[in-house]
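Here's the letter readout for the chains.
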Amino acid sequence: MGHTSLDKIIALQRNPANIRNLCILAHVDHGKTTLADCLVASNGIISGRLAGKLRYLDSREDEQIRGITMKSSAISLHYRNGDQEYLLNLIDSPGHVDFSSEVSTAVRLCDGAIVVVDAVEGVCPQTQVVLRQAWLENIRPVLVINKIDRLIMELKLTSQEAYTHLQKILEQVNAVTGTLFTSKVLEERAEKEKIEERESGTLSGDQVYDWSAGLEEADDSHLYFSPDQGNVVFASAIDGWGFSIQQFAHIYSQRMGIKTEVLLKTLWGDFYLNAKAKKIMKGAQAKGKKPLFVQLVLDNIWSLYDAVVTRRDKEKVEKVVTSLGVKVMARDSRHSDPKVLLSAICSQWLPVSQAVLSMVCEKLPSPLDMTAERVEKLMSVGARRFDTLPQQTQELKRAFLQCSSSENVPVIIFVSKMFAVDTKALPQNRQRPLTQEEIAQRRELAKQRHADRMAADQRAASLQESAQPAEEETFIAFARVYSGVVKKGQRVFVLGPKYDPAQALNMLPEKYSASDCVPEVPHLSCCSMESIYLLMGRELEELEEVPAGNVLGVGGLEEYVLKSATLSTSPACPPFTPLNFEATAIVRVAIEPKHPSEMPKLVRGMRLLNQADPCAEVLIQETGEHVLVTAGEVHLQRCLDDLRDRFAKIEISASKPIIPFRETVIRPPKVDMVNEELGKQHKVAIIHQMKEEASQGRSSDTLHVDPSGLVTLTTPNRLATVSVRAIPLPQGKTRMHIDQFKMTIHFNKLCCVLCHPTMSKGKTIDSPGTVANIYYKVGEAGAQATVLRDFDNSIVSGFQLATLSGPMCEEPLMGVCFSIERWDIQSSAASQKQDSMEKDSISNEAVVEIKVEGSSETTPQAGGIASGPSQARRRPDVSSADCYGPVSGQLIAAMKEACRHAFQAQPQRLMAAMYTCEIMATAEVLGRVYGVLGKREGRVLHEEMKEGTDMFIIKAVLPVAESFGFADEIRKRTSGLASPQLVFSHWEVISSDPYWVPTTEEEYLHFGEKADSANQALKYMNAVRRRKGLYVEEKIVEHAEKQRTLSKNK
Ligand SMILES: Nc1nc2c(ncn2[C@@H]2O[C@H](COP(=O)(O)OP(=O)(O)OP(=O)(O)O)[C@@H](O)[C@H]2O)c(=O)[nH]1
Ligand SMILES: [Mg+2]
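Since we're looking at a predicted model, the values are computed, not measured.

Colleague: I tried to follow the overall build of the protein chain on my own but got confused; where do I start?
Modeller: Per the secondary structure count, the protein chain includes 32 helices and 39 strands. A total of 1050 residues make up the protein chain; the buried ones form 51% of that total. Just so you have it, the protein chain exposes about 51200 Å², and 52% of that area is on carbon and sulfur atoms.

Structure representation (structure tokens):
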């Protein structure tokens, strides 16, 4: 087939019923790009011979070198299915975990997905992730089981064994879908119950509990993959073949005279052919017969491989070629590599592109089939429900569902990422053959220019030069039109993620359009779409307009859109829900230019990089370092390469990865380091004991630490006193229940919830896991409270400063609660006579209860945290203006110090970032994998054998600090047979105490006086302190005496 012309594609774009927007998703290396190659070749864009070898959509050099895809890229293809012509907007996505954000950007723009699974490896961790992503975005998947040739050539399975194996893989995939479905049904049911409960007040007594989970009624049969449903293709992309059972059903219905419908139902499953009775019967397994699928389908393929590749039987091949009616060129049949001949035969007999594309056209929805549920999900940002949106906004739902391209519907576009292309590669700047007239014109121009140049002075030249350094990279938005027609040069509103249509509709005059100048509406701006493009893999084609339902590229948005955005001509349009990113950016490195003078270039380059990558973050740390945060090692490498070669174009040097830690406190341990109960042993180390005592009852004239850990600090001017206690928050998901009518709660930015100023009675707060640092203050009733509230800001600032960097190694705190148990403020005049003064304390009966749910521990002290009533004493004459005076500054400092001391009064621990890591390995290399994991402080969670293969799946957790080079080391030690997938999962308390020294007899016996066995926490802490230039308590020469004695004795 020849190259599809641009006009054809433009014509097809106008018929949304025949458009399919789809992406290819899979685990890394399962063959997405190879499959895409076959599909691209079917349009004549690349040669069929190169399909599978070229990996056309991997356009970056490093993608080709490493052999993995790093970004998602789109291409528009044309396909004729029966009498219908289809336009397929295909997006290839990366499978490596580090780039899973690219998958999110692709999935958002599609209505369907091809999920590729390797026939040998089966369902892998990323397969599950992509299935979940497709599920969350409500897009419909179809399945391609790829690399079937490996079952023949590598595993040397018989066709019968291969059939059982394929059945298992289907079961695995369906199990994942099943889990997703059940969890959704259960969630919906819980939601429904909650609403019912709210509506009916309390449950009435005679109600009987309904224990059906709702699963019985829910129909899920359409969700599963099954060859007889037509949503599964078996393929070998590298050899260019693929089939669905439909194809074979057609072939055999003609040859054997059996109805196609019968064959469709029986070709997959427990059916066999009874040759005598000429009937298809059930129960192949029980009777020990060959299932129909093996006999009619697999056996043919197996014998073809056997004849062409294994035995290289020329005669048989010729027979097959004539019986299949395919044409083989002489040079193919003479080729020394039998695979060439094989793919020449297979790609004509069972072309993979035809099998996959007809499945896509038949089974995946068109943009017109978008469900109302999906639209509502896209439009309801955050916790807002769709029905709470303004009326005008709700009406837009119709525009989505209609997907109309008429003039009077609003234009709605979603930009899921920005990508950079070389400005020279843009179609406007591309060189094309010139016509005679143009050549003549140019000649004229050149003559003119020459004359000008002679006349012009130096100034003109310099002017031209300053105008020259145009941007070398242009940003194109990767987007989809959901409604209306996008025209070149059209003006649209850019809606920021926090944009609120309700607010804007109140502020804007009616019939307001984007071509008017923008009034002051928060998070709203205007821009014009300077150019629009058709995305064709490595190339772009300029278009004049794009109708609804298509994927497109938009130029000229770089000033307005950072990474993703919603564009619309209607201000009633809400911003779309943010993309679901599976990966968290965790690996950070500091970057500096080789030559300090090139700093501005680096800053600019990093800004561009930030825009061009959906997941990378760029920030400037307090220390002034420019820091790049990435999802993993491979991602980091790509970002650095990009920075060096494209965005900054300078030599840069990157620091070693900066490993993040968190500081926390824990409840006093009950046993010591040798598992003896504390308090029973004799303390032997006098010095250490002294140290301990000093830390427990420290006091100076402004600071008092009582043995229970309550720290009382007075500001230097003695105006204010705060008493703070640090309390460890229970691990796991914490739910706080506050039974108190006024209370201020701040989760600091680690958990990003800020509840201020008051919480209503009986409110429940969820903190996401252990991440919260909470500051709370029991509030007071009455007018007196206002003065204290004026100083709230200072207290919060002090708290925030304290939680930003802890005393151990200046890393942020986590999972700590600071309870302010007393807080006094006095006027300056009366400050000296504080004690003799009559106390007008406002004491309230605040009872704060913190209930912990979902955590197995009972928390005796958690209930007691706040039961101390807060008191506040103050002179009524403190003017509220004081909060701007020096008092507030001192209060900030005092609060910060008090928090720090309170923190130090408790047993302190470091928290390490942890990866979960899934490794697939064969039995022979299992031992080596464990070796590497053990060396790097990894902990194996479980290990299981993958059914039907000799592979083991090991699931482990590994500290991020130990993970650099881990993947490489595993690969080297196992000669490439195992490769891990690392994903950030959680923060974990390191159990060893960095300040630990032996104090009891047993500990001395066990660890020796110097306790010089490695203390991992101390090692980490010192490494961070050293990096930050803080004081590190370390002896440089440990055993000096010994050495001297040795040398003397000689
Ligand atoms: N034997 C065999 N190998 C295949 C087949 N399809 C792809 N491969 C090989 O598998 C490797 C990975 O293929 P890709 O297409 O790059 O895989 P991918 O899924 O795009 O990988 P990422 O984009 O990195 O996630 C390549 O070496 C291919 O040659 C197949 O059908 N059979
Ligand atoms: Mg790929």
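Colleague: Would you take a moment to explain the site of ligand 1 for this structure?
Modeller: Residues in close proximity to ligand 1 total 19 residues, the closest being K32, T33, T34, T69 and D149. Contact distances for ligand 1 include 2.6 Å between an oxygen atom and a side-chain N or O atom of T33. In the environment of ligand 1, an oxygen atom lies 3.1 Å from a nitrogen or oxygen atom belonging to the side chain of K147. Protein chains bury 84% of the 650 Å² of accessible surface belonging to ligand 1 in isolation. Elements with a contribution of two residues or more to the shell around ligand 1: α2 (32-41) and α6 (148-153). When residues of the shell around ligand 1 are assigned to their parent elements, the largest contribution, three residues, is made by α2.

Colleague: Quick question: what am I supposed to make of the side chain of Q611 here?
Modeller: Here Q611 is to be found in helix α21 (residues 599-612). With relative accessibility at 6%, the residue Q611 sits in the buried group. For Q611, the side chain forms a polar contact with the main-chain oxygen of V561, separated by 2.6 Å. In this structure, Q611 is in contact with M418, F475, E558, V561, L562 and K563, ignoring residues within four places of it in sequence.

Colleague: What's the story with the environment of S531 in this structure? I'm lost.
Modeller: Relative to the helices and strands, S531 is located in strand β15 (residues 531-536). Under the relative-accessibility criterion, S531 is labelled buried at 7%. Each C-alpha atom of the pair S531 and E542 lies 7.3 Å from the other, and the pair is eleven residues apart in sequence.

Colleague: Where do I start with the coordination of the magnesium ion (ligand 2) in this structure?
Modeller: Tetrahedral coordination by four donors puts the ideal angle at the metal at 109.5 degrees, and octahedral coordination by six puts it at 90 or 180 degrees. Only T33 (OG1) and T69 (OG1) from the protein reach the magnesium ion (ligand 2) as donors, at distances of 1.9 Å. One end of the pair, T33, is in helix α2; the other, T69, is in the loop between α3 (61-66) and β2 (73-81), with 36 residues separating them in the sequence.

Colleague: So what exactly am I meant to see when it comes to helix α1 (residues 6-13) here?
Modeller: An α-helical turn contains 3.6 residues, so a residue and the one three or four places further along point in the same direction. Buried within α1 we find I9, L12 and Q13. Taken around the axis of α1, the buried residues stretch over an arc of 105°, which confines them to a single face. Turning to α1, the residues buried within the fold contact β1 (19-26), β2, β3 (84-92), β15, β16 (539-543) and β17 (545-546).

Criteria and thresholds
Residues numbered from 1 in each chain as written. Chains lettered and ligands numbered in written order. Predicted model: local features only at pLDDT ≥ 70, side-chain atom pairs only at ≥ 80, totals over all residues. Heavy atoms only, no water. Helix = DSSP H or I, 4+ residues; strand = E, 2+ residues; numbered from the N terminus. Buried < 20%, exposed > 50% of the residue type's maximum accessible area, 1.4 Å probe, protein only. Areas by Shrake-Rupley, 256 points an atom, 1.4 Å probe, with all protein chains shown as cover. Near = heavy atom within 4 Å. Polar contact = N/O pair within 3.5 Å; in protein donor to acceptor, adjacent residues only side chain to side chain. Contact = heavy atoms within 4.5 Å. Donors = N, O, S within 2.8 Å, 3.2 Å for Na, K, Ca; no water. Arc of directions from axis to C-beta.

These figures come from the coordinates and say nothing about function on their own.
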